[in-house]
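Architecture and fold: a report
As a plain string of letters, each chain reads:
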Amino acid sequence: MRGEAILRFDCFGSRCGVFVAGSGNLGSADLAAQLVKRQLLEWHVRFSRFDAGSELSLVNGDPRERVEVTRTMARLAAAVAGAAEATGGLVDGTLVGEIEGAGYAGDLGESVPLRDALASAPPRRPASPSPLARWREVSVDDGVLIRTPGVRIDSGGLGKGLFADIAAERLASHAAFAVDCGGDLRLGGTQHARRAVEITSPFDDSVLHTFEVSGGGVATSGIGRRSWRDRSGAPAHHLLDPGTGRPAFTGIVQATALAPSAVEAETLAKAALLSGLARAREWLPHGGVVVFDDGAHHVIEPTRKADLDAGDQRHTAPVLDRQ
């Protein structure tokens, strides 16, 4: 669309983007894009678990059972609890100790090539919930975070989905917008303009499928990025099997989900990947793409095409960065 403001920048350990067309509550398209970029960069600092002085780290380290928190922190905690509840504990945002133990405690450097990691990965198996179910100990009551001391929250992908959704709330009065938080994308706007959202392969970045989306969320979760070898030389990545606390190798290397919101799409994408070959499709009721170990992929077309194809305009959309 003519006059669309486009900003691309590094944030949340990935590549992010803000796309805004038309004036709205945040002013002109250019000003709105700048304000959203500034907010995302602020959240990147406030909710980093790698910074001991961040809001997230200070809350996680607080010895009290009840901690008064900011509105965004409260929404993050609620999103973590909600995602776990919706997936029976499969998507568990309380595995901070486990992810640190697996080797993700700081900058990972260059990722291990996916095919090399798969060649030495353990036998494939579906993930399962943690028997500890620490997520059940997390709740929010009127701006107060309640959890058992020692239970820590990881912002991770759920945080990126939430941040995209909050940004969308602020951009809702603009003609068209897209907010891409490193693979968690939220689209919308008053004109219901369609965007072509490309899903790329984790093996070679080729385009596997293109969805036409006018609103809602799209999220891609995969093991092709943020991967490393642990101290024993075994391949590792950031998507853990809650039941074992170890990186999950399920036979699926990437899953994309469409949903009404970005945080829901993030939840569904992770659940699809973690659930393994037999159940992945069950987690993609709004549509998506599943990519398998051998590079093959399966597309689940959206069931509500009227919602996804609304509007008579088309924008160029960002290719989603995988998490």
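As shown above, the structure is provided for reference.
Below or above, wherever it landed, is the structure these notes cover. What you see is a predicted model, and the numbers here were worked out from it, not measured in a lab. Sequence order as written defines the numbering, with residues in each chain counted from 1. A pLDDT threshold of at least 70 governs which residues receive local features in this predicted model, and a stricter bar of 80 or more applies before side-chain atom pairs are shown or counted, although totals over entire chains, interfaces and linings include all residues. Excluded from the side-chain calculations are hydrogens and water; all other atoms, namely the structure's heavy atoms, are used.

**As for the overall build of the protein**
- A tally of helices and strands in the protein yields eight helices and 18 strands.
- In this setup the radius of gyration rests on C-alpha atoms only. A globule is expected at 2.2 Å times the number of residues raised to 0.38. Compactness check: the protein gives a C-alpha radius of gyration of 19 Å against a globular reference of 20 Å for 323 residues, within 12% of the reference.
- With respect to the principal axes defined by its C-alpha atoms, the protein has extents near 55 × 45 × 35 Å.
- Throughout this description, buried means an accessible area under 20% of the type-specific maximum (1.4 Å probe, protein chains only), exposed means over 50%, and partly exposed covers the range between. Looking at the 323 residues of the protein, the share that counts as buried comes to 57%.
- Looking at the protein alone, contacts between residues at least 24 apart form 67% of all its contacts between residues at least 6 apart.
- When charges are tallied, Lys and Arg are placed among the positive residues and Asp and Glu among the negative ones, while His and the ends of the chain are skipped. Each charge is placed at NZ for Lys, CZ for Arg, CG for Asp and CD for Glu. Across the protein, 35 positive and 40 negative side-chain charges occur, with their mean positions spaced 1 Å apart. Secondary structure elements are taken from DSSP: a helix is a run of H or I of four residues or more, a strand is a run of E of two residues or more, and numbering for both begins at the N terminus. A contact between two residues is defined here by any heavy atoms of the two lying within 4.5 Å.

**Quick word on the packing of aromatic side chains**
- Put simply, two rings from Phe, Tyr or Trp (the six-membered ring, in Trp's case) pair if the centres are within 6.5 Å, and we call them stacked under 30 degrees between planes, edge-to-face over 60, tilted for the rest. Overall, the coordinates contain five aromatic pairs when judged by the stated rule.
- Between Phe12 and Phe163, the aromatic rings sit 5.5 Å apart at their centres with planes inclined by 25°, giving stacked as the arrangement. In this pair, Phe12 sits in the loop between β1 (5-11) and β2 (14-21) while Phe163 sits in helix α6 (residues 156-171), placing the two residues 151 residues apart along the sequence. Comparing Phe12 with Phe163 shows no difference in burial state: the two are buried.
- Ring centres of Phe47 and Phe163 lie 5.4 Å apart, and the angle between their planes is 40°; on these two criteria the pair is classed as tilted. Of the two residues, Phe47 sits in the loop between α1 (29-46) and α2 (55-61) while Phe163 sits in helix α6, which places them 116 residues apart along the sequence.
- Members of the aromatic cluster, joined through ring pairs, are Phe12, Trp43, Phe47 and Phe163.
- Any Lys NZ or Arg CZ found within 6 Å of a ring centre and within 35 degrees of that ring's normal is scored as a charge over the ring. Note that Arg49 overlies the ring of Tyr104, its terminal NZ or CZ placed 4.8 Å from the centroid.

**Brief notes about α1**
- Its 18 residues place the ends of α1 26 Å apart at the C-alpha level, agreeing with the 26 Å of an ideal helix rising 1.5 Å per residue.
- Taken together, the buried residues of α1 touch β1, β2, α2, α3 (71-86), α6 and β6 (176-181). A helix is expected to span 1.5 Å multiplied by its residue count minus one.

**Topic: the pairing of strand β17 (residues 297-300)**
- Strand pairing requires that DSSP identify at least two bridges connecting the strands. Of the strand pairs in this sheet, strand β16 (residues 288-292) and β17 are connected by four bridges, and their pairing is antiparallel. Within the sheet, the bridge partner assigned to Val290 lies in β17 and is His298.
- Linking β16 to β17, which pair antiparallel, is a turn of four residues; within it Gly295 sits at a positive phi near 95°.

**Thoughts on the nonpolar core**
- Leu40 and Ile153 are the most contacted members of the largest nonpolar core, which totals 85 residues.
- If one sorts the elements of this core by residue count, helix α7 (residues 262-275) sits on top with nine residues.
- Aside from chain neighbours lying at most four places away, what touches Leu40 is Phe9, Cys11, Phe12, Val18, Phe163, Val179 and Cys181.
- Membership of the second largest hydrophobic core comes to seven residues, among which are Tyr104, Trp228, Ala236 and Leu240. Here, nonpolar core means buried Ala, Val, Leu, Ile, Met, Phe, Trp, Tyr and Cys residues that are tied together by side-chain atoms lying within 4.5 Å of each other.

**Brief notes about the side chain of Ser130**
- Among the structural elements, Ser130 can be located in the loop between α5 (114-119) and β4 (139-141).
- For Ser130, a relative accessible area of 12% gives the class buried.
- At a separation of 3.1 Å, a polar atom in the side chain of Ser130 contacts the main-chain amide nitrogen of Leu132.
- The residues touching Ser130, leaving out its near neighbours within four places in the chain, are Asp92, Pro242 and Gly243. The term polar contact refers here to a pair of N or O atoms within 3.5 Å; inside protein, the definition further demands a hydrogen-donor-capable atom paired with an acceptor-capable atom, and it admits residues adjacent in sequence only when both atoms are side-chain atoms.

**Thoughts on the sheet that holds β4**
- What the three strands build is an open sheet, ordered β3-β5-β4; its pairing is antiparallel. In this open sheet, the two edge strands, each paired with only one partner strand, are β3 (66-68) and β4. This sheet shows a mean twist of 30° between the axes of neighbouring strands, independent of strand direction.
- As defined by bridge partners, β4 adjoins strand β5 (residues 144-146) across three bridges and the pair is classed as antiparallel. Bridge pairing in β5 links Val140 to Leu145. To get an axis, fit a line to the C-alpha atoms, keeping to the stretch in contact for a helix; angles then go from 0 to 180 degrees between the N-to-C directions.

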